[in-house]
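Examining the three-dimensional arrangement
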Amino acid sequence: MAGYIVKRILWLIPITLMVIIFVYTILFFAPGDAARVALGNSASEEAIAEFNAKYGLDLGYFPRLFNYIKNLLHGDMGVSYYTHVSVSKQIADRLPYTILMALLATAFGLIVGLPMGILAATHQSTWIDSLAMAVTMFFSSMPSFWFALILVMIFSIHLKILPAVGYESWRNYIMPVIAIGLQLSAIVARQSRSSMLEVIRSDYVTTARAKGQKESKTITDHVLRNSMIPVVTITGTALAGLMGGALLIEQIFSIPGLGTYLFGGIASNDVPVVLGCVIVIAMFHGFLMLLVDLVYTVVDPRLKSSIIAARARKTNNRGVNA
Amino acid sequence: MTDHAFLEVKDLRVEYTSDKQIIHAVNGASFSLEKGETLGLVGETGAGKTTIAKSILRVLPDRAASIRSGKILYNGEDLLSASEERMRSIRGNEIAMIFQDPMTALNPTMTVGYQIFEAIMLHNTCEKAEGKARAEAMLEKVGIPAVRYHDYPHQFSGGMKQRVVIAMALACNPALLLSDEPTTALDVTIQAQVLDMMKDLKTEFQTSMIMITHDLGIVAEVCDKVAVCYAGEIVEYGTMEDIFDNPLHPYTVGLFHSLPDMSGKRNRLTPIKGMMPDPVSLPEGCFFAERCPYATEKCREIHPQLEKADGEHEVRCFGKENGKHG
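Quick notes on the rules
- Residues numbered from 1 in each chain as written.
- Chains lettered and ligands numbered in written order.
- Predicted model: local features only at pLDDT ≥ 70, side-chain atom pairs only at ≥ 80, totals over all residues.
- Heavy atoms only, no water.
- Pairing = 2+ DSSP bridges.
- Helix = DSSP H or I, 4+ residues; strand = E, 2+ residues; numbered from the N terminus.
- Axes fitted to C-alpha atoms, helices over the stretch in contact; angles between N-to-C directions.
- Contact = heavy atoms within 4.5 Å.
- Core = buried A, V, L, I, M, F, W, Y, C linked by side-chain atoms within 4.5 Å.
- Buried < 20%, exposed > 50% of the residue type's maximum accessible area, 1.4 Å probe, protein only.
- Arc of directions from axis to C-beta.
- Buried area = accessible area lost by both parts, 1.4 Å probe.
- Salt bridge = Lys/Arg side-chain N within 4 Å of Asp/Glu carboxyl O.
- Polar contact = N/O pair within 3.5 Å; in protein donor to acceptor, adjacent residues only side chain to side chain.
- Nonpolar A, V, L, I, M, F, W, Y, C, P; charged D, E, K, R; others polar.

Brief notes about the sheet that holds strand E11 (residues 307-310) of chain B
Residues and elements named next belong to chain B. As summarised here, the arrangement of the eight strands in space is E6-E7-E8-E3-E9-E10-E12-E11, forming an open sheet in which the pairing is mixed. The open sheet has two edge strands, strand E6 (95-98) and E11, and neither has a second partner. On average, each strand axis in the sheet is tilted by 20° relative to the strand beside it, whichever way the strands run. Relative to strand E8 (residues 208-213), strand E3 (residues 38-42) is paired through five bridges, and the arrangement is parallel. Across the sheet, leucine 41 pairs through a bridge with isoleucine 212, a residue of E8. Along the sheet, helix H6 (residues 158-170) makes contact with E6 and strand E7 (176-180), crossing E6 at roughly 175°.

Okay, structure coming up:
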């Protein structure tokens with residue numbers, strides 16, 4: 001198992017490199033002149049040349065890529081063309097807000113979504129099920145920024161109990177987390193309902209009932225765990241997605257997360273900023289997908305056995321070939 | 001002695017509803033079982049055998065199935081009107097069930113030991129350590145080393161899984177065991193092993209048993225009584241000797257004809273022509289009339305009742321008046 005984890009982590013290196021090259025290439029050929037954006041239209045030719053020389057923008061495709069990767073290996077992500085602030089410092093400053101929001105929103109999604117899904121599945125085709133499905137349909141079809149605006153309207157403008165903007169106190173996070181989490185809770189509820197319904201019909205659940213197990217314990221002990229794999233998948237994917245920052249929500253609540261930083265970088269052709277963000281997002285994605293796979297093996301012992309068996313097979317084959 | 005049978009199923013009717021169609025799975029099945037006896041419930045796929053067994057434990061799927069009428073008297077107590085709480089104390093404790101497919105009957109995310117332990121702890125007030133010791137003892141009893149307590153079902157072969165299922169069913173020493181084709185999903189060589197083991201354990205625990213099967217060989221080996229099931233009703237009932245030596249219903253006769261004859265007198269098998277009637281729209285008369293070589297006008301119009309032939313031997317056929325078929 002440890003070997004599997006190490007291998008998966010090492011795989012992140014080529015994946016991240018590919019992502020860098022891909023994004024760099026797009027930015028290189030994208031229209032727009034960083035110097036013009038930075039210095040303004042009235043800037044003199046000399047000033048522009050000086051700017052380009054300072055940031056190495058006068059070099060070709062390969063030297064620039066090479067320089068970037070070389071600096072990256074020294075832990076240097078460069079500085080923003082406009083603010084001249086170190087990209088790694090900016091990311092380090094903003095990342096905690098993004099991580100905090102992503103984790104809280106995911107937790108909210110699970111805490112609200114799972115019970116809804118369980119209730120709906122155990123009360124299939126009753127009014128509880130219909131109500132839960134109607135609510136989740138609504139939650140999943142409305143965009144999170146709409147919820148954000150409605151929440152601000154209710155809690156900040158009318159009731160005046162929650163701050164509309166800012167990031168200093170925990171009270172600032174209530175509305176953004178709910179706005180993002182509602183949608184996730186809807187997806188979790190629908191997924192857990194459908195996979196539970198599948199498991200409820202399976203033979204081993206009848207076996208559990210035939211043993212004399214209580215209906216509630218049958219659900220918690222036998223049904224839940226066996227229906228969690230798809231829920232783990234979508235939760236992991238959603239969390240990974242949120243690690244890229246939630247641009248609109250950050251904008252609405254003025255939270256200095258990764259989303260607004262990345263968007264600013266893209267809008268102004270600020271190559272080091274975009275690349276820096278993309279690297280961090282790619283790494284998070286890789287780690288979270290690994291985490292999801294590890295959670296699978298905890299949920300379902302069959303998967304753990306198959307990983308171990310696959311590795312054993314490989315080692316044996318290597319022995320034969322050598 | 002008490003005046004009521006150990007288990008008596010009376011006029012059981014079960015329906016499934018799907019896509020607004022009503023499927024008549026069990027149509028007035030009646031039979032009884034004395035303590036210590038093994039009853040073979042024989043019939044082809046779809047005859048309603050499993051539904052009858054699941055009705056006894058009341059573990060039919062809630063939404064799809066409904067028990068329309070009938071009584072299931074267990075020591076005189078009607079299980080169909082018992083409270084859910086009472087049923088829970090019976091399930092797994094007094095009446096246990098072995099399911100057909102060991103591949104799907106065990107929870108894939110729980111160790112096999114825990115699944116036996118669970119059954120023990122549900123019906124006994126004992127320390128966890130004692131429960132675990134008893135679960136290990138049950139594993140040993142079905143021929144699985146106790147060290148495999150912490151293994152998961154996918155680490156066992158089909159035959160071993162069925163042994164685990166049997167250990168789970170016998171863990172609380174039930175008075176009645178419902179075995180739903182316990183060997184159908186297994187290889188022939190493993191079938192014999194599992195069957196032998198079940199016979200031994202049944203004797204050891206003095207369990208009464210309903211053996212659901214379509215295999216007359218198994219019936220001959222383990223059963224005292226036989227009930228032949230067709231389209232959700234019992235068409236013939238009697239002792240093993242009655243059924244094997246003197247089958248009266250044309251369907252029972254047909255079942256024997258479709259078995260290979262080891263004496264080599266017959267070269268070809270004689271299958272029963274046609275199919276069981278569609279359980280959505282059952283015929284008015286005898287359910288077997290369409291396939292019966294002796295069917296008369298009367299058979300197609302009037303539904304026959306299960307009537308005494310001789311001794312305990314009962315048959316649902318007008319033909320018995322005309323003497324033996326076959």
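Quick word on the nonpolar core
One finds B:Leu7, B:Ile116 and B:Ile210 to be the most contacted residues of the largest nonpolar core, which totals 99 residues. The biggest single contributor to this core is H6(B), with seven residues. Here B:Leu7 is in contact with B:Phe31, B:Ser32, B:Leu33, B:Ile56, B:Ile72, B:Leu73, B:Tyr74, B:Leu176 and B:Ile210, once residues within four sequence places are set aside. Counting residues in each nonpolar core, the second largest holds 31 residues, with A:Tyr24, A:Tyr261, A:Leu262 and A:Ile281 among its members.

Things to note about helix H3 (residues 45-54) of chain A
Residue and element names in this part refer to chain A. Of the residues making up H3, those classed as buried are Ile48, Phe51 and Asn52. Buried residues along H3 cover an arc of 95° about the axis, so they all sit on one side. Facing away from the buried surface of H3 by more than 90 degrees, the exposed residues are Glu46, Glu50 and Lys54. The inward-facing, buried residues of H3 contact helix H2 (34-39). In the stretch just after H3, glycine 56 is the one whose phi turns positive, near 75°.

Digging into the sheet that holds strand E2 (residues 21-33) of chain B
Residue and element names in this part refer to chain B. With respect to topology, four strands assemble into an open sheet ordered E2-E1-E4-E5, the strand pairing being antiparallel. For this open sheet the edge positions go to E2 and strand E5 (77-78), each flanked by a neighbour on one side alone. Sheet analysis places strand E4 (residues 65-74) next to E5, joined by two bridges and oriented antiparallel. Opposite leucine 73, over in E5, you have aspartate 78 as the bridge partner. Running at roughly 110° to strand E1 (residues 7-18), helix H1 (residues 49-57) makes contact with E1, E2 and E4 of the sheet.

Considerations on the interface of chain B and chain A
Think of interface size as the accessible area that goes away when the parts come together; that is how it is often given. Facing 27 residues of chain B, the contacting portion of chain A comprises 21 residues. Taking both sides of the interface into account, the surface hidden between chain B and chain A amounts to around 2,200 Å²; carbon and sulfur atoms contribute 55%. Here chain B is connected to chain A by one salt bridge. One salt bridge in this structure joins A:Lys211 and B:Glu118, with 2.6 Å as the shortest N-O distance. Remark: the boundary between chain B and chain A carries 14 residue pairs in polar contact (both at pLDDT 80 or more). Mapped by element, the contributors of at least two residues to the side of chain B that touches chain A are H1, helix H3 (102-105) and helix H4 (112-123) of chain B. At six residues, the largest contribution of residues to the side of chain B that touches chain A is made by H4(B). Of the residues in the side of chain B that touches chain A, the class split is 13 nonpolar, eight polar and six charged.

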